[in-house]
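Here's the letter readout for the chains.
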Amino acid sequence: QQQVKQSPQSLIVQKGGISIINCAYENTAFDYFPWYQQFPGKGPALLIAIRPDVSEKKEGRFTISFNKSAKQFSLHIMDSQPGDSATYFCAASIGTASKLTFGTGTRLQVTL
Amino acid sequence: EAQVTQNPRYLITVTGKKLTVTCSQNMNHEYMSWYRQDPGLGLRQIYYSMNVEVTDKGDVPEGYKVSRKEKRNFPLILESPSPNQTSLYFCASSRDRNQPQHFGDGTRLSIL
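One numbering rule holds for all chains: residues counted from 1, following each sequence as written. Chain A is the first chain written and ligand 1 is the first ligand written, with later ones labelled in order. For a predicted model such as this one, the threshold for reporting local features is a pLDDT of at least 70, and the threshold for listing and counting side-chain atom pairs is 80 or more; totals across whole chains, interfaces and linings nevertheless cover every residue. Derived side-chain values reflect all non-hydrogen atoms in the structure, with water molecules and hydrogen atoms excluded from consideration.

## Details of the interface of chain B and chain A
Accessible area lost upon the coming together of the parts serves often as the stated size of an interface.
Piece 1. Facing the 22 residues of chain B at the interface are 18 residues of chain A.
Piece 2. Around 1,600 Å² of area is buried between chain B and chain A when both sides are counted, 47% of it from carbon and sulfur atoms.
Piece 3. Salt bridge, as used here: a side-chain nitrogen of Lys or Arg that lies within 4 Å of a carboxyl oxygen of Asp or Glu. Seen at the junction of chain B and chain A, the total is two salt bridges.
Piece 4. For Asp59(B), the salt bridge is made with Lys99(A), and the minimal N-O distance between the two is 3.3 Å.
Piece 5. When residues of the side of chain B that touches chain A are traced back to their parent elements, those giving at least two are strand S4 (31–38), strand S5 (42–51) and strand S9 (87–94) of chain B.
Piece 6. With four residues, the single largest contributor to the side of chain B that touches chain A is S5(B).
Piece 7. By residue class, the composition of the side of chain B that touches chain A is eight nonpolar, nine polar and five charged. The criterion used for residue contact is that any of the two residues' heavy atoms lie within 4.5 Å. Summed over both partners, the accessible area (1.4 Å probe) lost when two parts come together is defined as the buried area. Note on conventions: DSSP H or I runs of at least 4 residues are helices, E runs of at least 2 residues are strands, and numbering of each starts at the N terminus. Amino acids outside the nonpolar list (Ala, Val, Leu, Ile, Met, Phe, Trp, Tyr, Cys, Pro) and the charged list (Asp, Glu, Lys, Arg) are all regarded as polar, and Gly is one of them.

Here it is in structure tokens:
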């Protein structure tokens, strides 16, 4: 049972464009929603995270949008750069940042 | 430099031959965990540890053992590896259960 569904599986965006990755969750008890970025040969690294008391969080070019009623959250990467090419994972947890349930990942390629 | 170190990074072995993947962190973190990453499934938690001598099962613990005798080390033990344990494994740590996790660079295991 996939508790966090992530789409698309892969995404190609031109340099300067907006990359959008979506996640949907089933468990309404989830209260922490991080996004991780993973480069080849490396472990995932925390990119940005949100708790459900806010609908949006922005850090530089990265924004999380959160829709509690729809049980969905998304990552927007503005002005996408080739250096953003990586695999992105959404995740969710209950009451802790440690017991994470991950989505299946999105491989992003930003072309010149 | 703060880091989570896994060894080995790559291993090819045969069914039934016991193996241990070591994980060490130099950040004095209380919380450590192991994940496996498989295509189309994202990361799934195998075991976690809240502190020394305190371990618990994650989502996919079958076929694995762990121990936490020292705060800095959290080895993953495969007593009798099988081909379905061929995967990419990540160790992670965090200061406590409410802090983001820092991931190691992964161990790719192939079990023939």
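## Comments concerning the state of the cysteines
Piece 1. Count a disulfide wherever a pair of cysteine sulfur atoms falls within 2.5 Å. Under the defined criterion, the tally for this structure stands at two disulfides over all chains.
Piece 2. The disulfide partner of Cys23(A) is Cys90(A), and the S-S distance across this bridge is 1.8 Å. Across the disulfide from Cys23(A) to Cys90(A), rotation about the S-S bond amounts to roughly -95°, and the bridge is consequently left-handed. With Cys23(A) in strand S3 (residues 19–25) and Cys90(A) in strand S9 (residues 86–92), the pair connects residues that are 67 residues apart, well separated along the chain. The pair formed by Cys23(A) and Cys90(A) is uniform in burial state, with each residue classed as buried.
Piece 3. In this model, Cys23(B) is linked to Cys91(B) through a disulfide, with the two sulfur atoms separated by 1.9 Å. Given an S-S torsion of about -75°, the disulfide between Cys23(B) and Cys91(B) has left-handed geometry. Of this pair, Cys23(B) sits in strand S3 (residues 19–25) while Cys91(B) sits in strand S9; the two residues are 68 residues apart in sequence, bridging distant segments of the chain.
Piece 4. Note on Cys23(B): relative accessible area 2%, which makes it buried. Partly exposed describes any residue whose relative accessible area lies between the buried limit of under 20% and the exposed limit of over 50%, with all areas from a 1.4 Å probe on protein chains only and scaled to the type maximum.

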